[in-house]
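Chain and residue survey
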Amino acid sequence: MVKDKILVIGASGQIGVELTMALRKIYGNANVIASDLREQNPLLEGTGPYVSLDVMNKEMLHVQVIRQNVTQIYLLAAILSATGEKNPNLAWNLNMQGLLNVLDIAREEKLHKVYWPSSIAVFGPTSPKINCPQQTIIEPITVYGISKYAGEFWCNYFNQRFGVDVRSLRYPGLISYKSAPGGGTTDYAIEIYQQALDEKKYECFLNEDTYLPMMYMPDAIRATIELMEAPAEKISVRTSYNISAMSFSPKEIAGSIKQHIPEFKISYKPDYRQTIANSWPQSIDDVVAQKDWNWKPEYDLNKMTADMIENLK
Ligand code: NAD
Ligand code: AKB
């Protein structure tokens, strides 16, 4: 069997830290190279190789891939929905050019596999709100969503035209406690736990009945690894797979927290992120992922809350 050498780009981010640690457990510390534009996350220090790398610098990226004998890339560097609306050009450039640089190098160097995440942000106000299917009307209204939708078709194109084995998931909002989130609309569902513990109160930037699809990080990491380890013939979707775990509103997550911290109080002050949230589906149908590679989540809202509070304490 050929030994894989993996490069994680954006390894210091919310997903990158936990995905790098999980990949190191499977492939061995020395075979998973963490890289990012910013400094290494303290949780990764001493656990394996780290290189400072800008995904926009294609030449440097190419040199690293050749020098380190990289065979797989996980590309996580991106600008998320809320930050993207503040700087649309930057979001478009990074989200598109970063992906094209990786796909080009994957084709030239015949990499075994590439992973690139899409998002529920591809969906827009005209998509079905409840159990939004894999294939449906897709008219995103954020620059982030537009870049993810275009990216999905670039992945499909590189697979069909050049045989690049690139795989992708449309993550819902991801909730975790190990590393901070990077500027998304769903970040309230992370901040709320820390504030509930520290302040016993939280002012939410979405209104109380804003339902969004969400997932706990352990499920997201497992989904990513299960997708990447599935035999290629099982992968029928080369744009990006819908995956789902739970759907809740700020009022419901507050209720779940109150079971552990009865004095917790939530108030609401919606801002520009409300418009973004309103444009997304409330829940996702992931039947294709279930059928193709047996996707099944483990965490619901209350199980996640218990784990978040236990760990944040
Ligand atoms: P994040 O912002 O926490 O991490 C992104 C990392 O990329 C950061 O550490 C950043 O320093 C790095 N980066 C930025 N520009 C770079 C560059 N030019 N070169 C190298 N590194 C660079 O984001 P995340 O939440 O970990 O998201 C990772 C991926 O998953 C993104 O594609 C995102 O769109 C997608 N996603 C995330 C969520 C979520 O809820 N976190 C949901 C859906 C999709
Ligand atoms: C965001 O809110 O931008 C992300 C996402 C759902 O892609 N968490």
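Residues numbered from 1 in each chain as written. Chains lettered and ligands numbered in written order. Predicted model: local features only at pLDDT ≥ 70, side-chain atom pairs only at ≥ 80, totals over all residues. Heavy atoms only, no water.

1. What to know about unusual backbone geometry
- At Asn69, a residue that is not glycine, the phi angle is positive and equals roughly 55°.
- Of note, the phi angle at Asn131 is positive, near 50°, even though the residue is not glycine.
- Relative to the assigned elements, Asn131 resides in the loop between β6 (118–119) and α5 (143–162).
- By relative accessible area, Asn131 is classed as partly exposed at 45%. (Helix = DSSP H or I, 4+ residues; strand = E, 2+ residues; numbered from the N terminus. Buried < 20%, exposed > 50% of the residue type's maximum accessible area, 1.4 Å probe, protein only.)

2. Some details on the site of ligand 2
- By nearness alone, every residue bordering ligand 2 is listed as Leu80, Ser81, Ser119, Ile120, Tyr144, Gly173, Gly184, Thr185, Thr186 and Trp280.
- In the model, an oxygen atom of ligand 2 is placed 2.7 Å from a nitrogen or oxygen of the Tyr144 side chain.
- Contact between ligand 2 and Thr185: an oxygen atom at 2.7 Å from a main-chain N or O atom of the residue.
- Protein burial of ligand 2: of its 250 Å² of free accessible surface, 93% is covered by the chains.
- Considering only residue class, the shell around ligand 2 consists of 4 nonpolar, 6 polar and no charged.
- Per-domain counts for the shell around ligand 2 show at least three residues from each of domain 1 (6–172) and domain 2 (175–214 + 244–312). (Near = heavy atom within 4 Å. Polar contact = N/O pair within 3.5 Å; in protein donor to acceptor, adjacent residues only side chain to side chain. Areas by Shrake-Rupley, 256 points an atom, 1.4 Å probe, with all protein chains shown as cover. Nonpolar A, V, L, I, M, F, W, Y, C, P; charged D, E, K, R; others polar. Domains from an automatic or database assignment.)

3. A closer look at the nonpolar core
- Core analysis: the biggest nonpolar cluster contains 39 residues, and Ile175, Tyr188, Tyr193 and Phe248 have the highest contact counts within it.
- Within the residue set of this core, elements represented by two or more residues are α6 (188–198), β10 (201–204), β11 (212–216), β13 (246–248), α8 (250–258), α9 (273–279) and α11 (301–312).
- By residue number, the principal contributor to this core is α6, which donates 7 residues.
- Residues from two domains meet in this core; each of domain 1 (6–172) and domain 2 (175–214 + 244–312) gives at least three.
- Among all residues touching Tyr193, those that are not within four sequence positions of it are Ile175, Ile253, Ile257, Leu301, Met304, Thr305, Met308, Ile309 and Leu312. (Core = buried A, V, L, I, M, F, W, Y, C linked by side-chain atoms within 4.5 Å. Contact = heavy atoms within 4.5 Å.)

4. Here's the deal with the sheet that holds strand β2 (residues 32–36)
- One open sheet accounts for 6 strands, arranged β3-β2-β1-β4-β5-β7; its pairing is parallel. The outermost strands of the open sheet, each flanked by one partner alone, are β3 (50–52) and β7 (166–167).
- Pairing geometry for strand β5 (residues 113–115) and β7, over 2 bridges, is parallel. Its bridge partner being in β7, Val114 is matched across the sheet by Val166.
- Helix α4 (residues 88–108) contacts β1 (6–9), β4 (72–75), β5 and β7 of the sheet and is inclined by roughly 175° relative to β4. (Pairing = 2+ DSSP bridges. Axes fitted to C-alpha atoms, helices over the stretch in contact; angles between N-to-C directions.)

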